Amino acid sequence: RRTVLAGIRGRPAREPRHVGRAGRKYSRAFRCERRLSAVGVLDDILARIAACDEVTPVITHEAAGLCDAFQAERLTLFKVSADRNALEAVLQTGLEDLRVIRLPLDEKHTVAGYAGRLAKLVNVRDAYDKAALEAFDPPLAFLAQVDERTGFRTREILAAPVVGADAALLGVVQFVNRRDHQPFPPACEMALTALCGALAGALSREGPAHVVRQAAL
């Protein structure tokens, strides 16, 4: 676990370099240990989120650790607005200089809106691959305006709804861009489902989003 914690604190772990069969065996063992440590770190984060009464400060504090666990460049947590017509970002890593993002809660305009409205996990391999987006049922759309405004290039997206005990939508969690430029693997889908479960109880206690600033998207 110390290896992963070093990465969370800004000292990314490096795999030892060895040559030959023994070196490759040691290298595989190192990667395995690192993955197991990441699971332990993620479990600790989920426990802290599940126990909290105010989600925003806790998940903001844990954002770097979550991005490390998912090997993602960015993380956004949306909450459902008080009028239940929109998703409003309460955490948007990498976009702190922008006004708070507000997205329509429908399946026609954004990945987060799609995941929220249809209550389903969405794993996008390439946000700019229109043919792949249209292969979803129903077809998926990607809102490129944030990229155009910031110069950032969105590639992979993993998003899932946060649903309360009464089946009501509470929010959406979205990770963007795997650091290895690969699609988010099934293990990340399972981990995101667990994260949404941890968030559900806390968001139920916290109530709907109350956002003062909003972006004109």
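What counts, and where the lines are drawn
- Residues numbered from 1 in each chain as written.
- Predicted model: local features only at pLDDT ≥ 70, side-chain atom pairs only at ≥ 80, totals over all residues.
- Heavy atoms only, no water.
- Helix = DSSP H or I, 4+ residues; strand = E, 2+ residues; numbered from the N terminus.
- Buried < 20%, exposed > 50% of the residue type's maximum accessible area, 1.4 Å probe, protein only.
- Contact = heavy atoms within 4.5 Å.
- Pairing = 2+ DSSP bridges.
- Axes fitted to C-alpha atoms, helices over the stretch in contact; angles between N-to-C directions.
- Salt bridge = Lys/Arg side-chain N within 4 Å of Asp/Glu carboxyl O.
- Polar contact = N/O pair within 3.5 Å; in protein donor to acceptor, adjacent residues only side chain to side chain.

S.K.: Help me out: how do you make sense of the overall build of the protein in this one?
M.R.: Within the protein, the regular secondary structure consists of seven helices and six strands. Order of helices (α) and strands (β) in the protein, N terminus to C terminus: α-α-α-β-β-β-α-β-α-α-β-β-α. For the protein, with 217 residues in total, the buried portion stands at 45%. Sequence separation of 24 or more characterises 58% of the internal contacts of the protein that already satisfy a separation of 6 or more.

S.K.: Can you help me understand the sheet that holds strand 4 (residues 122-124) in this one?
M.R.: What holds strands together in a sheet is hydrogen bonding between their backbones, with the strands either parallel or antiparallel. Strands sit in the order 3-2-1-6-5-4 across an open sheet of six strands; the sheet is antiparallel. Both outer strands of the open sheet, strand 3 (102-104) and strand 4, are each paired with one neighbouring strand and no more. Adjacent strand axes in the sheet meet at a mean angle of 25°, parallel and antiparallel pairs treated alike. Pairing between strand 5 (residues 157-163) and strand 6 (residues 169-178): seven bridges, direction antiparallel. Counted as the bridge partner of Ala159 is Gln174 from strand 6. On the sheet, helix 3 (residues 55-70) packs against strand 1 (72-80), strand 2 (86-92) and strand 6 and is oriented at approximately 145° with respect to strand 1. The strands touched by helix 7 (residues 186-206) within the sheet are strand 1, strand 4, strand 5 and strand 6, with strand 5 carrying the most contacts at an inclination of about 35°.

S.K.: Would you mind showing me how to read the pattern of salt bridges here?
M.R.: Side chains that differ in sign of charge can pair as their charged atoms come close. Under the counting rule described, the total for this entry stands at eight salt bridges. Measuring nitrogen to oxygen at the nearest pair gives 3.6 Å for the salt bridge that ties Asp83 to Arg102. Here Arg102 lies in strand 3 and Asp83 lies in the loop between strand 1 and strand 2, a separation of 19 residues in the sequence. With relative accessibility at 23%, the residue Arg102 sits in the partly exposed group. Residue Asp180 is joined to Arg178 by a salt bridge in which the shortest nitrogen-to-oxygen separation is 3.1 Å.

S.K.: Can you walk me through the pairing of strand 2 in this structure?
M.R.: Every regular strand shows the same layout, with side chains that alternate between the two sheet faces. Counting buried residues along strand 2, six of its seven residues qualify, which places the element largely inside the surrounding structure. Relative to strand 2, strand 1 runs antiparallel, the two sharing five bridges. Looking at strand 2, one finds that Leu77 is bridged to Leu91. In terms of strand pairing, strand 2 meets strand 3 through three bridges, oriented antiparallel. Each residue of the ladder has a partner; that of Glu88, found in strand 3, is Arg102.

S.K.: Can you walk me through the side chain of Glu62 in this structure?
M.R.: Here Glu62 is to be found in helix 3. Engagement of the side chain of Glu62 in a polar contact is seen with the side chain of Arg48, the distance being 2.6 Å. Discounting chain neighbours no more than four positions away, the residues touching Glu62 are Ile45 and Arg48.

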